[in-house]
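Given next are the chains, with one letter for each unit.
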Amino acid sequence: MARVIAKTATVASSDDARWAAVVARDQAADGAFAYAVASKGIYCRPSCPSSRANQTNVTFHASPAEAEAAGYRPCKRCRPHEDTSPEPKAAKIIAACRMIEMAEQEPTLDVLANAAGLSPFHFQRIFKSMTGVTPKA
Ligand SMILES: [Zn+2]
């Protein structure tokens, strides 16, 4: 079970707290650190939607630059080397991704757009620009 952690500034202070943020895909931790996965040779932001690595393969880095200096490539999915402070739209899209992941039945575009407070057209465009796929994909 994922531990729920308080969203505090302590997230960057210990590897346990960092790992807990990764497990929780805590968006509040984005920008505070990056985590690298030795088995994949990539590094991610804490909220990366891809499947979680084994903790034993994970190392923590204070910044994307530090992870790259250690020889890791940025994850293509969460793009940790790009804007580290997601704009509100991005957070909405990330929330929508979670909705899709959590839902037993695939939510419709209308439902997702509504939840994000955007029009279906606008939602799909932003979603695609951020993830490279349509919400349906
Ligand atoms: Zn990632």
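Q: Give me the lowdown on the nonpolar core, citing residues and values where you can.
A: Of all hydrophobic cores here, the largest spans 16 residues; its most connected members are Phe33, Tyr35, Cys44 and Phe60. The greatest single-element share of this core, amounting to four residues, is contributed by helix H1 (residues 15-23). Setting aside anything within four residues of it in sequence, one finds Phe60 in contact with Asp15, Arg18, Trp19, Val22, Phe33, Ala34 and Tyr35. Among the nonpolar cores identified, the runner-up in size contains ten residues, and Ile93, Ala113, Ala116 and Phe127 belong to it.

Q: An account of the coordination of the zinc ion is requested, with residue identities and associated values reported.
A: Six octahedrally arranged donors around a metal ideally form angles of 90 or 180 degrees; four tetrahedrally arranged donors ideally form angles of 109.5 degrees. Bound to the zinc ion on the protein side are Cys44 (SG), Cys48 (SG), Cys75 (SG) and Cys78 (SG), at distances that span 2.2 to 2.4 Å. Coordination at the zinc ion comes from four donor atoms whose angles at the metal span 105 to 121°, giving a geometry best classed as tetrahedral. Within one chain, the residues serving as donors to the zinc ion are arranged as C-x3-C-x26-C-x2-C. Taken together, the positions of Cys48 in the loop between strand S2 (42-44) and strand S3 (58-61) and Cys78 in the loop between strand S4 (73-74) and helix H3 (88-102) put the pair 30 residues apart, joining distant regions of the chain.

Q: Which residues make up the environment of Ser129, and what values do they have?
A: Structurally, the position occupied by Ser129 is in helix H5 (residues 120-131). Separated by 2.9 Å, the side chain of Ser129 and the backbone oxygen of Ile126 make a polar contact.

Rules of the game
- Residues numbered from 1 in each chain as written.
- Predicted model: local features only at pLDDT ≥ 70, side-chain atom pairs only at ≥ 80, totals over all residues.
- Heavy atoms only, no water.
- Core = buried A, V, L, I, M, F, W, Y, C linked by side-chain atoms within 4.5 Å.
- Buried < 20%, exposed > 50% of the residue type's maximum accessible area, 1.4 Å probe, protein only.
- Helix = DSSP H or I, 4+ residues; strand = E, 2+ residues; numbered from the N terminus.
- Contact = heavy atoms within 4.5 Å.
- Donors = N, O, S within 2.8 Å, 3.2 Å for Na, K, Ca; no water.
- Tetrahedral: all angles 85-135°; square planar, octahedral: opposite > 155°, others 65-115°.
- Polar contact = N/O pair within 3.5 Å; in protein donor to acceptor, adjacent residues only side chain to side chain.

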